[in-house]
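For reference, the chains in residue letters:
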Amino acid sequence: MYSLNVPVPGEVERLAEDLRPVLLEFDSIRERHTLLCKRLGDAPPGGTPRLREQVRTQLAGAPAFEVRVTGIDCFEYPPVGEGPVVYLAVESPGLRRVHDRLLDGFSAIDEFQGDDYVPHVTLARGGDVLAARRLVERDIDPVTWTVNRLALWDARYEEEVATFSLPG
């Protein structure tokens, strides 16, 4: 399974680490923080090199864009996996445009993408819904950055297999 991800800056990593003590109530805490742009599915015939070219074609001319972490939110009952899922909420019209552009070449995964796409950085999952609701009330300082590259992620090997620069 492949995905196209937005690398998060050190400020977001530090924010997640600062929140770690209040995440101990949850069943699992995310160690690696990323912002999903688009799940791509399995590699087509021709493997990873062919997938790279498909992504490169879909991204042609896509500009750099701004992303802003605005607060903490949760999916109380996510469509897949254990809930609740606590995450950093993300606002970015540019990210949504890139996501929508990729839908032209890669189909949407039901309940995750297309109209259901919710940009976020997962912090923790599983545990008590009331604990998640309390955490959502917590204020954080917003973090804003410019995204000028995207990373193709291979979940099978848990590694980045390509990067794509966005002019800007």
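What you see is a predicted model; the values in this text were computed from it and never measured.

1. Some details on the sheet that holds strand 3 (residues 34-41)
Pairing is antiparallel in the open sheet, where four strands are placed in the order 3-1-8-9. Each edge of the open sheet is held by one strand with a lone partner, namely strand 3 and strand 9 (159-165). Neighbour-to-neighbour, the strand axes of the sheet open up by a mean angle of 25°, direction not taken into account. Sheet topology places strand 8 (residues 149-154) next to strand 9; six bridges connect them, and they run antiparallel. Among the inter-strand pairings, aspartate 154 is bridged to a residue of strand 9, identified as glutamate 159. Against the sheet, helix 3 (residues 93-103) contacts strand 1 (2-7), strand 3 and strand 8, and its axis sits at roughly 10° relative to strand 3.

2. As for the sheet that holds strand 4 (residues 65-75)
If you trace the five strands from one edge of the open sheet to the other, you get 2-6-5-4-7, paired in antiparallel fashion. Looking along the sheet, the strands with just one partner apiece sit at the ends: strand 2 (28-29) and strand 7 (143-147). As judged from the five bridges shared by strand 5 (residues 85-91) and strand 6 (residues 120-125), these two strands associate in the antiparallel manner. Looking at strand 6, one finds that valine 86 is bridged to alanine 124. The strands touched by helix 1 (residues 10-23) are strand 2, strand 4, strand 5, strand 6 and strand 7; relative to strand 6, the strand with the most contacts, the crossing angle is about 25°.

3. Considerations on the pairing of strand 5
Looking down a regular strand, the side chains alternate between one sheet face and the other. Burial of strand 5 is extensive: six of the seven residues sit out of reach of the surface. Here strand 4 runs beside strand 5; their pairing, made up of seven bridges, is antiparallel. Across the sheet, glycine 71 pairs through a bridge with alanine 89, a residue of strand 5.

4. Here's the deal with the layout of surface pockets
Looking at the largest pocket, its volume works out to about 790 Å³. Lining the largest pocket we find 28 residues, and of these Arg30, Leu36, Arg39, His120 and Thr122 sit closest to its centre. Where the lining of the largest pocket is concerned, the elements lending two or more residues are strand 1, strand 3 and strand 6. Class assignment of the residues belonging to the lining of the largest pocket gives a composition of 16 nonpolar, five polar and seven charged.

5. Observations concerning helix 4 (residues 129-136)
In an α-helix, one full turn covers 3.6 residues, which means residues spaced three or four apart are oriented alike. All of the buried residues along helix 4 are Val129, Ala131, Ala132 and Leu135. The arc that holds the buried residues of helix 4, viewed along the axis, is 160°, so those residues lie on one side. Against the buried residues of helix 4 lie helix 1, strand 4 and strand 5.

The rules we used
- Residues numbered from 1 in each chain as written.
- Predicted model: local features only at pLDDT ≥ 70, side-chain atom pairs only at ≥ 80, totals over all residues.
- Heavy atoms only, no water.
- Pairing = 2+ DSSP bridges.
- Helix = DSSP H or I, 4+ residues; strand = E, 2+ residues; numbered from the N terminus.
- Axes fitted to C-alpha atoms, helices over the stretch in contact; angles between N-to-C directions.
- Contact = heavy atoms within 4.5 Å.
- Buried < 20%, exposed > 50% of the residue type's maximum accessible area, 1.4 Å probe, protein only.
- 1 Å grid on protein atoms, 1.4 Å probe; cavity = no way out; pocket = protein on both sides within 12 Å on 5 of 7 lines; lining within 4 Å.
- Points joined across faces, edges and corners; volume = space filled by probe spheres on them.
- Nonpolar A, V, L, I, M, F, W, Y, C, P; charged D, E, K, R; others polar.
- Arc of directions from axis to C-beta.

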